[in-house]
Protein chains: 2
Amino acid sequence: MARIVMKFGGTSVADLDRIHNVARHVKREVDAGNQVAVVVSAMAGKTNELVGWVQAMPKVAGAKASFYDAREYDAIVASGEQVTSGLLAIALQSMGVDARSWQGWQIPVKTDNAHGAARILDIDGSELIRRFEMGQVAVVAGFQGVGPDNRLATLGRGGSDTSAVAIAAAVKADRCDIYTDVDGVYTTDPRMVPKARRMKKIAFEEMLEMASLGAKVLQVRSVELAMVHKVRTFVRSSFDDPDAPEMSDQLNPPGTLICDEEEIVEQEVVTGIAYAKDEAQISLRRLADRPGVSAAIFGPLADSHINVDMIVQNISEDGSRTDMTFTVPSGDADKALEVLAGEKDVIGYDVVQSESGLAKISVIGIGMRSHAGVAATAFKALAEKSINIKAITTSEIKISILIDGAYAELAVRTLHSVYGLDKT
Amino acid sequence: MARIVMKFGGTSVADLDRIHNVARHVKREVDAGNQVAVVVSAMAGKTNELVGWVQAMPKVAGAKASFYDAREYDAIVASGEQVTSGLLAIALQSMGVDARSWQGWQIPVKTDNAHGAARILDIDGSELIRRFEMGQVAVVAGFQGVGPDNRLATLGRGGSDTSAVAIAAAVKADRCDIYTDVDGVYTTDPRMVPKARRMKKIAFEEMLEMASLGAKVLQVRSVELAMVHKVRTFVRSSFDDPDAPEMSDQLNPPGTLICDEEEIVEQEVVTGIAYAKDEAQISLRRLADRPGVSAAIFGPLADSHINVDMIVQNISEDGSRTDMTFTVPSGDADKALEVLAGEKDVIGYDVVQSESGLAKISVIGIGMRSHAGVAATAFKALAEKSINIKAITTSEIKISILIDGAYAELAVRTLHSVYGLDKT
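Per chain, residues are indexed from 1 in the order of the written sequence. Note on labels: chains are lettered from A, ligands numbered from 1, in written order. Whole-chain, interface and lining totals are the exception, using all residues; otherwise, since this is a predicted model, local features are given only for residues with pLDDT of at least 70 and side-chain atom pairs are given and counted only at 80 or more. By convention in this description, side-chain values take in all heavy atoms of the structure and omit both hydrogens and water.

Chain A is annotated in an unreviewed UniProt entry as Aspartokinase of Hoeflea olei. UniProt positions are given in the numbering used here, feature names are shortened, and annotations may be inferred rather than shown by experiment. Per its UniProt entry, chain A bears the Sequence similarities (unreviewed entry) comment "Belongs to the aspartokinase family." In its Catalytic activity (unreviewed entry) section, UniProt records this for chain A: "L-aspartate + ATP = 4-phospho-L-aspartate + ADP".

Here it is, written out as structure tokens:
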């Protein structure tokens, strides 16, 4: 017997048939003797419809700008999950499973007042636990809570993953199963590298690096939360047949477990290769090497909502001038250059150079901490394929390499192979 | 300055343009210096869509019957009004009007636990009043409240009218304006009688008789509630131009005021003629005239959800046998006969006779109480047109006459004219 939180996204609950399918997954876990809470998103398309109305309303009402009250946005958009949770509760009841829906304010899921992008402050899990012990399934509307103003607050896009992990922490669940349209986390993108393998386990820290690098399986926020509260999070597919025999395997069902590194007995040195295409590199040459120069560059870029990724600063030759290189998404490159031109006098650089169409390849693995030579292996492998490295940054568990975009696929395949990740 | 509750139904908020139109009506009242709460229904079609999902879910999930949990029904269906109230708040804000949305549980509107058809037990109007005094418009999701189980409860179809009147009572509003797709209450159906006049005022009791007789402007429940709390209720059109000069007339805008009879200075004897087509008459002949015979007849009919309307019992000739006549909607006649046949031994009647295709014409007016000869006028007028009367029932303020359906229109026109109701 285990206590499990199961989370299903919008495509998994897109219509009544799919909601029934979700109910079958839930019933399987209940029949296996587990205590279950389910967290659901809005039916696919519903959130977009509601957001569309909110965004259009001010202009229809004659306003010049499309400014709207985020508190009203929340009241409107949260209704999508409310509907799904009620329908899933009905589906479960129809299948003989005791269930009831819970809206964020009923549990309550308490958030801060940052409407539209609220953070969860506290969840009282006591009533849910009482119901578990009575054998009742809790069907929770994801993505929402209630603020200190007693008004609905949504957690922002992808917030249902965060809801699920937070509820799993609040009820001390043994596992939080995130059902998604992929069947787990792979060593790299299987569409690019057919030899990519599904991992059985990945450490929270590794998943964070994978996610922020574009592995888009789970929201970064939810992984951070899972890491802080040590919520064992399991990524699996909602499109698998709910009644397939392997799905009932309580110890080792198909999917990828994201867990504490201590739970991963045989840690590999490198666990995955991530990539981001369409990066642009911008270099500022002969900057004044003085305190505050970084802030003068990146402050205005942040104010313009430009996401800066890699940052490399070289040690200056004579202690007075330095070079600064960083990357932004290609689409933001022109805007970034414009911002920098406007700040030229404040920053005090000589020339600015830029190059688009680059790719960032990242090698990730907690094992790097205790293994030397991991970076050298990558550099050697890329050199053998004549791939030129434009910039390098490293962290304790990650090496990121900037290369010409045309070589992205070759580089990923090469590194995937050289670190022994290929499927056998 | 007045405190006004304004209520708009589903067709008035069917899309963003119409919501904008509603906002213009609200702004007009705010600009005139009034304190305003607005009660809204779900966008036209939304409630049906949500109810359709609820009803279909059990079968999709494999249940044999389409039984569903009324508490989940409520959680799902109440989301429709939640969306409209948020959108209207945004529209008002966009037009420079301070406004916020309120869901039933936030005010709170406390109901009993009869999910799907809950009754309002109590509304705390203090916070709304505090906001009025700050100049803020309250946009309230109609049709809903929160039960003692802390779950959403809906009031049943048409419940938004009831919400509006109940909120008007709670905040001690001077008036509750019900905006609808007609521009007031008429002396009879204007589609049948072009000479029908819009009434300026009608007493609660008269409106109750009009409404239950099919004048379908306002839910009976909401009129009952208005009568109990003496909420002056004003029926007006949401399709009038919000900025037409006459709409700004604070004393005498276009529409019909439903109010206490004391407020109606020049009470007419008869105020309206109502009708119900497609009635069927059922007569039980030579019943045993003993205590409990009425219960033996109408109990089983009620259990079969057959609405019995007029009931006429003749005094028995010899004190042992009597006749009982009553009407039901034509569509229910066969079912009623079937029920009566099954209960024949219990009831103890001799024969049953029935006739379909009848019409019930009702003459309504509080002035009848103090005027003799009102009924005689009707009988004489109908006799002059050779219309045969099949049954008669009377109350203090109403005379109902059952006739052949083919004469319904002629009878209504004749009575409308003879009581001086024709437009001049």
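Chemist: So what about the interface of chain A and chain B? Which residues, and what values?
Modeler: The contact criterion used is simple: two residues touch if any of their non-hydrogen atoms lie within 4.5 Å. The interface is formed by 45 residues belonging to chain A together with 45 residues belonging to chain B. At the boundary of chain A with chain B, total buried surface from both sides reaches about 3,700 Å², with 66% on carbon and sulfur atoms. When a carboxyl oxygen of Asp or Glu lies within 4 Å of a side-chain nitrogen of Lys or Arg, that pair is called a salt bridge. Counting every contact that joins chain A to chain B gives two salt bridges. In this structure, the salt-bridge partner of Glu-49 of chain B is Lys-46 of chain A, at a minimum N-O distance of 3.9 Å. We define a polar contact as two N or O atoms separated by no more than 3.5 Å, with the added condition that, inside protein, one atom must be a possible hydrogen donor and the other a possible acceptor, whereas residues neighbouring each other in sequence contribute only through side-chain atom pairs. Inspection of the region where chain A meets chain B yields 11 residue pairs in polar contact (both at pLDDT 80 or more). At the level of elements, α1 (16-31), α2 (46-60), α3 (70-77), α4 (79-94) and β3 (99-102) of chain A are the ones that each hand at least two residues to the side of chain A that touches chain B. Per-element tally for the side of chain A that touches chain B: the top contributor is α4 of chain A, with 10 residues. Residues are sorted three ways: Asp, Glu, Lys and Arg are charged, Ala, Val, Leu, Ile, Met, Phe, Trp, Tyr, Cys and Pro are nonpolar, and all the rest, Gly among them, are polar. Its residues placed into classes, the side of chain A that touches chain B shows 28 nonpolar, 10 polar and seven charged. The quantity reported as buried area is the accessible area (1.4 Å probe) lost by two parts once they are put together, taken as the sum for both. Each helix is a run of H or I in the DSSP string that is no shorter than four residues. Each strand is a run of E no shorter than two, and both are numbered from the N terminus.

Chemist: Explain the sheet that holds strand β13 (residues 272-288) of chain B residue by residue, including any values.
Modeler: Strands in a sheet are paired, the pairing made by backbone hydrogen bonds, and the direction either parallel or antiparallel. Residue and element names in this part refer to chain B. If DSSP finds at least two bridges between two strands, the strands pair. Across the sheet, six strands lie side by side as β14-β15-β13-β16-β18-β17; this open sheet has antiparallel pairing. Here the strands that pair on one side only, and so sit at the sheet edges, are β14 (311-313) and β17 (389-395). Each neighbouring strand pair of the sheet contributes to a mean axis angle of 30 degrees, computed without reference to strand direction. Two elements, β14 and strand β15 (residues 321-329), share three bridges in a ladder whose sense is antiparallel. For Gln-313, the partnering residue across the bridge sits in β15 and is Met-324. Axis definition: a line fit to C-alpha positions, over the contact stretch in the case of helices; interaxial angles, taken between N-to-C directions, run 0 to 180 degrees. Sheet strands in contact with helix α9 (residues 293-303) are β13, β14 and β15, and its direction is about 20 degrees off that of β15. Against the sheet, helix α10 (residues 333-342) makes contact with β13, β15 and β16 (351-364), and its axis sits at roughly 20 degrees relative to β13, the strand it touches most.

Chemist: Break down the domain arrangement of chain A for me, with residues and values.
Modeler: Residues and elements named next belong to chain A. Taken domain by domain, chain A consists of domain 1 (3-261) and domain 2 (272-418). Delimitation of the domains relies on an automatic or database domain assignment. When each unit is reduced to the centre of its C-alpha atoms, the spacing between domain 1 and domain 2 is 34 Å. The interface is formed by 17 residues belonging to domain 1 together with 18 residues belonging to domain 2. Buried surface at the junction of domain 1 and domain 2, both sides included, amounts to about 1,500 Å², of which 64% is carbon and sulfur. Taken together, the links from domain 1 to domain 2 amount to two salt bridges. Joining domain 1 to domain 2, the criterion identifies eight residue pairs in polar contact (both at pLDDT 80 or more).

Chemist: Talk me through the pattern of salt bridges; I want residue IDs and the actual numbers.
Modeler: Residues and elements named next belong to chain A. Taken as a whole and judged by the stated rule, the model has 55 salt bridges over all chains. The residue Lys-230 makes a salt bridge to Asp-260 at a minimum N-O spacing of 2.8 Å. One end of the pair, Lys-230, is in the loop between α8 (220-228) and β11 (233-237); the other, Asp-260, is in the loop between β12 (256-259) and β13 (272-288), and 30 residues separate them in sequence. We note a salt bridge from Glu-384 to Lys-380, for which the minimum N-O separation is 3.6 Å. One end of the pair, Glu-384, and the other, Lys-380, are both in helix α12 (residues 374-384), four residues apart, so they sit about a helical turn from each other. The classification of residues rests on relative accessible area computed with a 1.4 Å probe and restricted to protein chains. Under 20% of the type maximum is buried, over 50% is exposed, and intermediate values are partly exposed. Classification of Lys-380 by relative accessible area gives exposed; the value is 56%. Ionic contacts of the salt-bridge type, sharing partners, join the residues Arg-28, Glu-29, Arg-175, Asp-177 and Arg-236 into one network.

Chemist: Please provide a residue-by-residue account of helix α6 (residues 159-170) of chain B, values included.
Modeler: Residue and element names in this part refer to chain B. For a helix, the expected span equals 1.5 Å multiplied by the number of residues minus one. The end-to-end C-alpha distance of α6 is 16 Å, a good match for the 16 Å that 12 residues give at a rise of 1.5 Å each. Where burial is concerned, most of α6 is hidden: 11 out of the 12 residues are buried. Within α6, the full set of buried residues consists of Gly-159, Ser-160, Asp-161, Thr-162, Ser-163, Ala-164, Val-165, Ala-166, Ile-167, Ala-168 and Ala-170. Phi turns positive, to about 55 degrees, at Lys-172, one or two residues after α6.

Chemist: Any details on unusual backbone geometry? Residues and values, ideally.
Modeler: Residue and element names in this part refer to chain A. The residue after Ile-107, namely Pro-108, is reached through a cis peptide bond having omega -15 degrees. Note on placement: Pro-108 falls in the loop between β3 and β4 (109-111). You will see that Arg-286, though not glycine, has its phi angle at about 50 degrees, which is positive. Along the chain, Arg-286 turns up in strand β13. We classify Arg-286 as partly exposed; its relative accessible area is 43%.

Chemist: Describe the packing of helix α12 (residues 374-384) of chain B against helix α13 (residues 408-418) of chain B, naming the residues involved and giving the relevant values.
Modeler: Residues and elements named next belong to chain B. Put simply, α12 and α13 touch, their axes get as near as 10 Å, and they point 130 degrees apart. When the interaxial angle is binned, α12 and α13 end up oblique. Here α12 and α13 pass one another in a crossing that is right-handed. Packed against α12, whose contacting residues are Thr-377, Ala-378, Ala-381 and Leu-382, the element α13 presents Ala-411, Thr-414, Leu-415 and Val-418 at the interface. Considering only residue class, the contact of α12 with α13 consists of six nonpolar, two polar and no charged. In what follows, roughly perpendicular refers to angles from 65 to 115 degrees, roughly parallel to angles under 35, roughly antiparallel to angles over 145, and oblique to any angle outside these ranges. A crossing counts as left-handed when the near helix is turned anticlockwise from the far one by less than a right angle, and as right-handed when that turn is clockwise.

Chemist: Outline the side chain of Ser-41 of chain A, supporting the account with residue identities and numerical values.
Modeler: All names here are of chain A. Mapped onto the elements, Ser-41 comes out in the loop between β2 (35-40) and α2. Given a relative accessible area of 11%, Ser-41 falls into the buried group. A distance of 3.2 Å separates the side chain of Ser-41 from the side chain of Ser-160, its partner in a polar contact. Apart from residues lying up to four places away in sequence, Ser-41 is in contact with Lys-7, Phe-8, Gly-9, Gly-10, Val-13, Glu-81, Thr-84 and Ser-160.

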